[in-house]
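The lines below spell out each chain.
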Amino acid sequence: MLRSCAARLRPLLVAHGRPGGARLTSTFSFEEVTQKDHALPKPSWSKDLRLLFDQFMKKCEDGSWERLPSCSRHSVQRFQNFTKAFFSGSIPVKEEQISQAKFFPRSFEDGLGFEYAMFWSKDEKRIVCLFQGGLYLQGIPGFLHGGALVTLIDTTLGTHAMLAGGAVMTANLSINFKRPMPLCSVGVINTQLDKIEGRKLFVSCNIQSVDEKTVYTEGTGLFIKLEPGKTLV
Ligand SMILES: CCCCCC/C=C\CCCCCCCC(=O)SCCNC(=O)CCNC(=O)[C@H](O)C(C)(C)COP(=O)(O)OP(=O)(O)OC[C@H]1O[C@@H](n2cnc3c(N)ncnc32)[C@H](O)[C@@H]1OP(=O)(O)O
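This structure is a prediction, so every number in the text was calculated from the model and none was measured.

Participant: How would you explain the overall build of the chain if you had to name every residue and give the values?
Facilitator: Across its full length, the chain holds 4 helices and 7 strands. Listed N to C, the secondary structure of the chain is α-α-β-α-β-β-α-β-β-β-β in terms of helices and strands. The 233 residues of the chain split such that 45% are buried. Of the contacts made within the chain by residues no fewer than 6 positions apart, 66% connect residues no fewer than 24 positions apart. As displayed, the chain has an accessible area near 11700 Å², and 53% of this comes from carbon and sulfur atoms.

Participant: Provide a residue-level description of the UniProt feature "domain: Thioesterase" (unreviewed entry) in the chain, including the pertinent values.
Facilitator: UniProt tags residues 142-214 as "domain: Thioesterase" (unreviewed entry). Within residues 142-214, the helical portion is 27% and the strand portion 44%, while the C-alpha atoms at the span's ends are 17 Å from each other.

Participant: Let's hear about the nonpolar core: which residues, and what values?
Facilitator: Ranked by size, the top nonpolar core spans 28 residues in total, and within it Tyr116, Phe131, Leu144, Met181, Ile189, Ile207 and Phe223 carry the most contacts. Elements represented by at least two residues in this core include exactly strand S2 (114-121), strand S3 (126-133), helix H4 (146-165), strand S6 (200-209) and strand S7 (215-225). Here the element with the most residues in this core is H4; it accounts for 8 residues. In this view, Ile189 contacts Ile127, Val128, Cys129, Phe131, Leu152, Thr156, Cys205, Asn206 and Ile207; residues no more than four positions away in its chain are not counted. Trp45, Phe56, Trp65 and Ala117 belong to the second largest nonpolar core, which has 14 residues in total.

Participant: Give me the lowdown on unusual backbone geometry, citing residues and values where you can.
Facilitator: Even without being glycine, Lys125 reaches a positive phi, approximately 50°. With phi around 65°, Glu212 is a residue other than glycine that occupies positive phi space. Summarising the element assignment, Glu212 is placed in the loop between S6 and S7. According to the relative accessible area criterion, Glu212 is exposed, its value standing at 59%.

Participant: Just give me the short version of the site of the ligand, but keep the residues and values in it.
Facilitator: With respect to spatial proximity, 21 residues lie near the ligand, and among them Arg73, Thr170, Arg199, Lys200 and Lys230 are the closest. In the model, an oxygen atom of the ligand is placed 3.0 Å from a nitrogen or oxygen of the Asp154 side chain. Between the ligand and the protein, one listed contact pairs an oxygen atom with a side-chain N or O atom of Arg199 at 2.5 Å. For the ligand, the accessible surface in isolation is 1300 Å², of which the surrounding protein chains cover 60%. Counting residues per element, the ones that place at least two in the shell around the ligand are H4, strand S4 (168-177) and S7. The element contributing the most residues to the shell around the ligand is H4, with 5 residues. Per-class residue counts for the shell around the ligand are 11 nonpolar, 5 polar and 5 charged.

How each quantity is defined
- Residues numbered from 1 in each chain as written.
- Predicted model: local features only at pLDDT ≥ 70, side-chain atom pairs only at ≥ 80, totals over all residues.
- Heavy atoms only, no water.
- Helix = DSSP H or I, 4+ residues; strand = E, 2+ residues; numbered from the N terminus.
- Buried < 20%, exposed > 50% of the residue type's maximum accessible area, 1.4 Å probe, protein only.
- Contact = heavy atoms within 4.5 Å.
- Areas by Shrake-Rupley, 256 points an atom, 1.4 Å probe, with all protein chains shown as cover.
- UniProt positions renumbered as here; feature names shortened; annotations may be inferred.
- Core = buried A, V, L, I, M, F, W, Y, C linked by side-chain atoms within 4.5 Å.
- Near = heavy atom within 4 Å.
- Polar contact = N/O pair within 3.5 Å; in protein donor to acceptor, adjacent residues only side chain to side chain.
- Nonpolar A, V, L, I, M, F, W, Y, C, P; charged D, E, K, R; others polar.

Below, the structure written as structure tokens:
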């Protein structure tokens, strides 16, 4: 499963030209992932999250949907390839820290932070992210912190933008919090690509309750395709 998702993502996320004509074999892709895949059921997942996950796994059976794997670290090689391609090799952390760096949404202990799994519909060109926000993501008592919701929105919209345009960075996010979302409840993020203008990808989403009766949050994002060799730092 991991390899089939990787194969599909690879052409979208890799092989950005480098100055001097050399081409990278990978930058920010999911390919050759050998680490633990976190987008799979765990004991900390609620019944609601498991049920929804199972429903989407069923949709994957005919190939119209695909589960996107998710791990918590980049390999040192991948980290270096990425910085070489887009940051002229300027590495923002000490070399010995690279292997300790973790993908923020995957940096919590199981069940206490973000539990999520994303599914990609290749026909409808949209992502559905199923998630449960754990006890360490509290904002006002009993409810999720707005910043936690924004983190998941950024991650989900960013993944959609990457699937559509390759390596991107977030330039702008605009969020409307419509209703507070209870801690430990399950939310469903639905994304759509609104338009592409040159290097700019405009993507939007909302977060709904499982029964679709409550819209908790709406968000739009502008993602900019990175230009290989352009120095940003
Ligand atoms: C193993 C671990 C697993 C990991 C795997 C992960 C896989 C997928 C997950 C992806 C999800 C990740 C989500 C997280 C993403 C982030 O959080 S990124 C971090 C936050 N963002 C930043 O730090 C970006 C900082 N900004 C920049 O570096 C630059 O501004 C930029 C790169 C965004 C753009 O710079 P540049 O390339 O120089 O472009 P410009 O020439 O400036 O602009 C191009 C066009 O875009 C327009 N534009 C730029 N910014 C904005 C803006 N804020 N608002 C509106 N428009 C903007 C700009 O006007 C240009 O438009 P025109 O072409 O002139 O029309």
